[in-house]
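Here are the chains, one letter per residue:
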Amino acid sequence: MAGCSGILGGCGPGEDEIGTVAEDVNNEEPSTAEEASTGDGDSVSITGEIQSIGDNEVIIDDGTGTAKLTTLFGGFETQNVGEGDCAEASGIPFAPEDGSDNDIRLLVEDVGLANE
């Protein structure tokens, strides 16, 4: 994967590690996407490999954990990114849904190809 270096040949982690962010958000009171959108949370920036893209979610793995990228109103426009790409995303992290395999959910402000 050109331009991406990291754990096990993938890309990431970026400015913030998903594993570290997960420790922080999982020690806080439970929150929802609506609460995260109020601006009470601190924005983070993650870099990782896109594992899957669905209608209402993108899963990204940075080698320290996985994040489910979500939007407040659902739906993604994933122009110029695809599965296997090294991507950057910024947004407000919050705890994953019960029973989820992901370490965090990230209410995204932006997602695109990593500039590494």
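1. Details of the pairing of strand S5 (residues 104-113)
Regular strands place their side chains on alternate faces of the sheet.
Consideration 1: As judged from the four bridges shared by strand S3 (residues 66-70) and S5, these two strands associate in the parallel manner. Note that in S5 the partner of Ala-67 across the bridge is Ile-104.
Consideration 2: For strand S4 (residues 86-94) and S5, the ladder comprises eight bridges, and the chain directions are antiparallel. Within S5, the position partnered with Ser-90 by the bridge is Asp-110.

2. Topic: the nonpolar core
Consideration 1: One finds Ile-46, Ile-60, Ala-67, Leu-69, Ile-104 and Leu-106 to be the most contacted residues of the largest nonpolar core, which totals 17 residues.
Consideration 2: For this core, the element with the highest residue contribution is helix H1 (residues 18-26), accounting for four residues.
Consideration 3: Among residues more than four places away in sequence, those in contact with Ile-46 are Asp-16, Ile-18, Ile-60, Ala-67, Leu-69, Ala-87, Glu-88, Ala-89 and Leu-106.

3. Focus on a negative patch on the surface
Consideration 1: Taken together, the side chains of Glu-23, Asp-24, Glu-28 and Asp-42 make up a negatively charged region of the molecular surface.
Consideration 2: As for its position among the elements, Asp-24 is in helix H1.
Consideration 3: Take Asp-24: its relative accessible area is 46%, and that puts it in the partly exposed class.

4. Describing the sheet that holds S3
Consideration 1: Around the barrel, which closes on itself, the five strands sit in the order S1-S2-S3-S5-S4 with mixed pairing between neighbours. Across the sheet, the mean angle separating the axes of adjacent strands is 55° when strand polarity is ignored.
Consideration 2: As judged from the six bridges shared by strand S1 (residues 44-53) and S4, these two strands associate in the antiparallel manner. Across the sheet, residue Gly-48 finds its bridge partner in S4, namely Ala-87.

Procedures and definitions
Residues numbered from 1 in each chain as written. Predicted model: local features only at pLDDT ≥ 70, side-chain atom pairs only at ≥ 80, totals over all residues. Heavy atoms only, no water. Pairing = 2+ DSSP bridges. Helix = DSSP H or I, 4+ residues; strand = E, 2+ residues; numbered from the N terminus. Core = buried A, V, L, I, M, F, W, Y, C linked by side-chain atoms within 4.5 Å. Buried < 20%, exposed > 50% of the residue type's maximum accessible area, 1.4 Å probe, protein only. Contact = heavy atoms within 4.5 Å. Patch = residues over 30% accessible without salt bridge, like charges linked within 9 Å, V, L, I, M, F, W, Y side chains within 5 Å. Areas by Shrake-Rupley, 256 points an atom, 1.4 Å probe, with all protein chains shown as cover. Salt bridge = Lys/Arg side-chain N within 4 Å of Asp/Glu carboxyl O. Lys, Arg positive; Asp, Glu negative; His and termini not counted. Charge placed at Lys NZ, Arg CZ, Asp CG, Glu CD. Axes fitted to C-alpha atoms, helices over the stretch in contact; angles between N-to-C directions.

Function cannot be inferred from these measures alone, as they are strictly geometric.
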